[in-house]
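# Secondary and tertiary structure notes
Each chain is listed here by its residues.
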Amino acid sequence: MRSTAAQSRQLVALVFAFAACSTVPADLVTTRDSLGVRIVESHGQRWATDDAWTIADHPALQIGTLDGDPDYQFFRIVAAVRLPNEHIVVANGGTSQIVAYDRSGTHLWTAGGRGEAPGEYRLITGLATGPGDSLWIYDFGLRRFTILTTTGDVVRTVSIGASLSAPGAIGRLRDGSFLVKEAWSGLAHGQDALGLERLPVAIARFGPDGEGPDTIATVPGREVFLGTEDGRMVMSAPLFGRNTSAAMRAGRLAVGDQETFQIAIHSAQGKLQRLARVPAVDLSISASDVSAMKAARLERESENERAMLARHLDAMDVPPTRPAFGDIMIDPQDYLWVSDYTSYPTVARSWRVFSPNGELLGTIDLPVRFRLLDIGDDFVLGVYRDDSDVEYVQLYALARGATQS
């Protein structure tokens, strides 16, 4: 017969378990269909303590140095990816070079440099893998994609012309075509359009040889403040300005305009398939938030420029709400990662993770001062910047918890 003490311990455990379960909303996730689009609203997170994904306390690999061999010195890292053979490739924006390292962090090869010839770059803003065994680099300054082998040899270059307004790379499709998003709208501002404004921009596809563009979606562009100075219109970046975030992987395109916490999942052809929403997110902006943001902006300016910038910031309108989120990424297992909003140059630590079905699973916290650049099945890769602004590539182990969803 079970002892009275054992029965008491079991009863206490059951009471605590019931109390824990009772704090979870009855309708944690609600779903419905609208004109063939699945709408998924999350009112809480699904992860329990044992299910939560975690990042290791210390990096499994760190590459970089303050002094010494220039092959290990970084300046303005733009992107980094880990290849299936565990080699790491880094886009070093400050030198316009692509640099590769083996699984132990030993330098393998360096390609590129500043210029306009094939294999040279003016302004690298993108680097990723695929399709197949290849790398692509996007040069914003030249509006050009460069395809490399995984040993750094140039396969070919693809120019996309000047038909779009400052296009930035989103990703590359399985057929070798490219997705880009305009940085700002090519439409003219109205004569009386003063104050805050968001004009539409295109997400477009270019073919493997640069033919196009084929617009697959039109989304709100970067929020700007339009004012006048000496009788002419001046465009500025407002405090808490919103922009449309986008990411692509394995033929899925995720897009969010940051006005509400809603991420739209499209096919590579632009067909809307799913909306992932988190309605209960506080987007309010207080007076103290505005003051803190102004102080942060002024701190980055020289003393001579601060007084003028302060007057400029005081004259600008502030959006009615803060951006609902920051960056978007899709991992190899089709999970959606969405970062908290932070203003430049602050790096987001907290990322919400959504299942492939669009349900919010929970939040994962990254190391301090670590900017996420790539996600694998069991790792995260990014850049860490120390107190002296020295950059290091770091790789951390990722544990996906007891269950995936």
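The structure this text deals with has already been given above.
## Description of the pattern of salt bridges
- One pass over the structure, following the stated rule, counts 18 salt bridges.
- Arg252 serves as the salt-bridge partner of Asp334, at 2.8 Å between the closest nitrogen and oxygen. One end of the pair, Asp334, is in the loop between β24 (328-330) and β25 (336-339); the other, Arg252, is in strand β21 (residues 252-256), and 82 residues separate them in sequence.
- With a relative accessible area of 25%, Asp334 lands in the partly exposed category.
- Residue classification places Arg252 among the buried positions, given a relative accessible area of 11%.
- One salt bridge connects Asp340 with Arg352, and the closest N-O pair in it is separated by 3.5 Å. Of this pair, Asp340 sits in the loop between β25 and β26 (350-354) while Arg352 sits in strand β26; the two residues are 12 residues apart in sequence, bridging distant segments of the chain.
- Arg352 sits in the buried class, given a relative accessible area of 19%.

## Description of the sheet that holds strand β14 (residues 178-182)
- Taken in spatial order, the 4 strands make up an open sheet running β13-β14-β16-β17, and their pairing is antiparallel. Two strands close off the open sheet at either side, each with one partner strand: β13 (167-172) and β17 (214-220). Taken pair by pair, the neighbouring strands of this sheet meet at an average axis angle of 25 degrees, ignoring direction.
- Sheet topology places β13 next to β14; 5 bridges connect them, and they run antiparallel.

## Comments concerning empty space enclosed by the protein
- Inspection of every chain in the model, using the stated rule, returns 1 cavity of 30 Å³ or more.
- Within this model, the largest cavity holds a volume of roughly 30 Å³.
- Along its surface, the largest cavity is lined by Arg252, Ile265, Arg274, Ala276, Leu336, Phe354, Ser355, Pro356 and Gly358.
- For the lining of the largest cavity, a count of residues per class yields 5 nonpolar, 2 polar and 2 charged.

## Some thoughts on the pairing of strand β18 (residues 224-229)
- Sheet topology note: the strand β15 (residues 195-197)/β18 ladder contains 3 bridges and is antiparallel. Looking at β18, one finds that Leu196 is bridged to Phe225.
- When β18 meets strand β19 (residues 232-236), the two strands line up antiparallel, connected through 5 bridges. Within β19, the position partnered with Gly227 by the bridge is Val234.

## Brief notes about unusual backbone geometry
- The omega torsion of the bond from Gly130 to Pro131 falls at 0 degrees, within 30 degrees of zero and hence cis.
- Considering the arrangement of structural elements, one finds Pro131 in the loop between β9 (124-129) and β10 (135-139).
- With omega at 5 degrees, the peptide bond leading from Tyr344 into Pro345 counts as cis.
- Its place among the elements puts Pro345 in the loop between β25 and β26.
- Here the phi dihedral of Ala166 falls at roughly 45 degrees; this positive angle occurs in a residue that is not glycine.
- With respect to the element layout, Ala166 can be found in the loop between β12 (154-159) and β13.
- You can call Ala166 buried: its relative accessible area is 8%.
- Positive phi, close to 70 degrees, is recorded for Gln258, a residue that is not glycine.
- Following the sequence through the fold, Gln258 ends up in the loop between β21 and β22 (262-267).

Conventions we followed
- Residues numbered from 1 in each chain as written.
- Predicted model: local features only at pLDDT ≥ 70, side-chain atom pairs only at ≥ 80, totals over all residues.
- Heavy atoms only, no water.
- Salt bridge = Lys/Arg side-chain N within 4 Å of Asp/Glu carboxyl O.
- Helix = DSSP H or I, 4+ residues; strand = E, 2+ residues; numbered from the N terminus.
- Buried < 20%, exposed > 50% of the residue type's maximum accessible area, 1.4 Å probe, protein only.
- Pairing = 2+ DSSP bridges.
- Axes fitted to C-alpha atoms, helices over the stretch in contact; angles between N-to-C directions.
- 1 Å grid on protein atoms, 1.4 Å probe; cavity = no way out; pocket = protein on both sides within 12 Å on 5 of 7 lines; lining within 4 Å.
- Points joined across faces, edges and corners; volume = space filled by probe spheres on them.
- Nonpolar A, V, L, I, M, F, W, Y, C, P; charged D, E, K, R; others polar.

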